[in-house]
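What the coordinates show
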Amino acid sequence: MRVLIVEDEPDLAEALRDGLRLEAIAADVAGDGDTALELLGVNAYDIALLDRDIPGPSGDEVAKHIVAGGSGMPILMLTAADRIDDLASGFGLGADDYLTKPFELRELVLRLRALDRRRAHHRPPVHEIGGLRLDPFRREVYRDGRYVALTRKQFAVLEVLVAARGGVVSAEELLERAWDENADPFTNAVRITVSALRKRLGEPWLIATVPGVGYRIDTGPGDIDTGPGGEGERRG
């Protein structure tokens, strides 16, 4: 999951971003409405975490922009006001949920995951592919009935690969979806994480490397034979 945090209080924005990262939720920060609109124009986000009272275009204007775009991106509004009129006007703009400051990070995470499940209601809540069973709600992974313990980052990468249903996912896309905009595009974090993930899942290797393209879940024999080191060869 990738979230856009629109919050003009630097300390709060940084705390939210760091806290979400610990929960394997990638997060970018915009401190004003103009930056928020710019990021929305170049990045794909799953949820917008939106403070209404921000410099530049207001949070309300950013919300209108998101709704008008037709992406269906959920909006969770943050505000210091808890009056019914304020709540009503926020929902009227298209907000899907509301959180009044101050709040606990755990509650925010629960609300974000609930919104993400609602957004993806057309997908089954539990993903199964190639003997792999991934439950995004319980954050559990099973391989042929065997529980596989993963780190948060490994789970985030696997979740993106599984969602592709056997399609190839580039290293750049994995970096974008499982990390955030501050990730070094030249880092080898993706390769290292995928390699460790392969070893956790065990043999036969489930994650295939498509040389020069990216990675995919190998659902059956015949395409690519790849080991834990990340290199693959096409089988003939």
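See the structure printed just above.
As the structure is a computational prediction, the values presented were derived from the model and not from experiment. (Residues numbered from 1 in each chain as written. Predicted model: local features only at pLDDT ≥ 70, side-chain atom pairs only at ≥ 80, totals over all residues. Heavy atoms only, no water.)

What follows is about the overall build of the protein. When helices and strands are counted, the protein shows eight helices and 13 strands. Taking all 236 residues of the protein together, 46% fall into the buried category. Within the protein, contacts between residues at least 6 apart in sequence are counted, and of these 53% link residues at least 24 apart. Summed over its atoms, the accessible surface of the protein is roughly 11,900 Å², and 50% of this surface lies on carbon and sulfur atoms. (Helix = DSSP H or I, 4+ residues; strand = E, 2+ residues; numbered from the N terminus. Buried < 20%, exposed > 50% of the residue type's maximum accessible area, 1.4 Å probe, protein only. Contact = heavy atoms within 4.5 Å. Areas by Shrake-Rupley, 256 points an atom, 1.4 Å probe, with all protein chains shown as cover.)

Okay, the packing of helix 6 (residues 152–163) against helix 8 (residues 189–201) next. Helix 8 packs onto helix 6 with a crossing angle of 90 degrees between their chain directions and a minimal axis gap of 10 Å. Our classification of the angle between helix 6 and helix 8 gives roughly perpendicular. Across from Lys 153, Gln 154, Val 157 and Leu 158 in helix 6, the residues of helix 8 making contact are Thr 193, Val 194, Ala 196, Leu 197, Arg 200 and Leu 201. A per-class count over the contact of helix 6 with helix 8 returns six nonpolar, two polar and two charged. (Axes fitted to C-alpha atoms, helices over the stretch in contact; angles between N-to-C directions. Parallel < 35°, antiparallel > 145°, perpendicular 65-115°, else oblique. Nonpolar A, V, L, I, M, F, W, Y, C, P; charged D, E, K, R; others polar.)

This next bit is on helix 5 (residues 105–119). Given a rise of 1.5 Å per residue, 15 residues ought to cover 21 Å, and the 21 Å separating the end C-alpha atoms of helix 5 matches this to within 8%. Those residues of helix 5 that are buried lie in contact with strand 1 (2–6), helix 1 (10–22), strand 3 (47–51), strand 4 (75–79) and strand 5 (97–100). (Expected span 1.5 Å × (residues − 1).)

Two strands pair when backbone bridges link them, and strand 6 (residues 127–129) and strand 7 (residues 132–135) are joined in this way by three bridges, in the antiparallel orientation. Paired with Glu 128 across the two strands is Arg 133, which belongs to strand 7. If you look at the hairpin formed by strand 6 and strand 7, you'll find two residues sitting between the two strands, and Gly 130 has a positive phi there, around 55 degrees. (Pairing = 2+ DSSP bridges.)

Moving on: the sheet that holds strand 9 (residues 146–147). Strand order in the open sheet formed by four strands is 6-7-8-9, with antiparallel pairing between adjacent strands. Only two strands of the sheet have a single neighbouring strand rather than two, namely strand 6 and strand 9.

This part takes up the sheet that holds strand 2 (residues 26–30). Sheet architecture is open: five strands sit in the order 2-1-3-4-5, paired in parallel fashion. With one partner strand each, in any of the chains shown, strand 2 and strand 5 form the two edges of the open sheet. Strand-to-strand, the axes of this sheet are offset by a mean angle of 20 degrees, without reference to chain direction. As paired elements, strand 1 and strand 3 share four bridges and run parallel to each other. Residue pairing across strands places Val 6 opposite Leu 50, the latter belonging to strand 3. The strands touched by helix 5 within the sheet are strand 1, strand 3, strand 4 and strand 5, with strand 5 carrying the most contacts at an inclination of about 175 degrees.

What follows is about the nonpolar core. A general tendency of soluble globular proteins is for nonpolar side chains to be buried together. Within the largest apolar cluster, 27 residues are counted, with the highest numbers of intra-cluster contacts made by Leu 158, Leu 174 and Leu 201. Elements with a minimum of two residues in this core: strand 7, helix 6, helix 7 (171–178), helix 8 and strand 11 (214–217). Apart from the residues lying within four places of it in its own chain, the contact partners of Leu 174 are Val 157, Val 160, Leu 161, Val 169, Trp 179, Val 190, Val 194 and Tyr 215. Of all hydrophobic cores here, the second largest spans 19 residues; its members include Leu 4, Ala 30, Leu 50 and Ile 66. (Core = buried A, V, L, I, M, F, W, Y, C linked by side-chain atoms within 4.5 Å.)

This next bit is on the environment of Glu 176. With respect to the helices and strands, Glu 176 occurs in helix 7. Note: C-alpha distance between Glu 176 and Ala 26 (150 residues apart in sequence) is 8.3 Å. Sequence-distant contacts of Glu 176, that is, excluding residues within four places in its chain, are made with Arg 2 and Ala 44.

Extensive coverage of strand 1 is indicated by the burial of five of its five residues. As paired elements, strand 1 and strand 2 share five bridges and run parallel to each other. Across the sheet, residue Arg 2 finds its bridge partner in strand 2, namely Ala 26. Tracing the backbone out of strand 1, into helix 1 and back to the parallel element strand 2 gives a crossover that is right-handed. (Right-handed = clockwise from strand over helix to strand, strands pointing away.)

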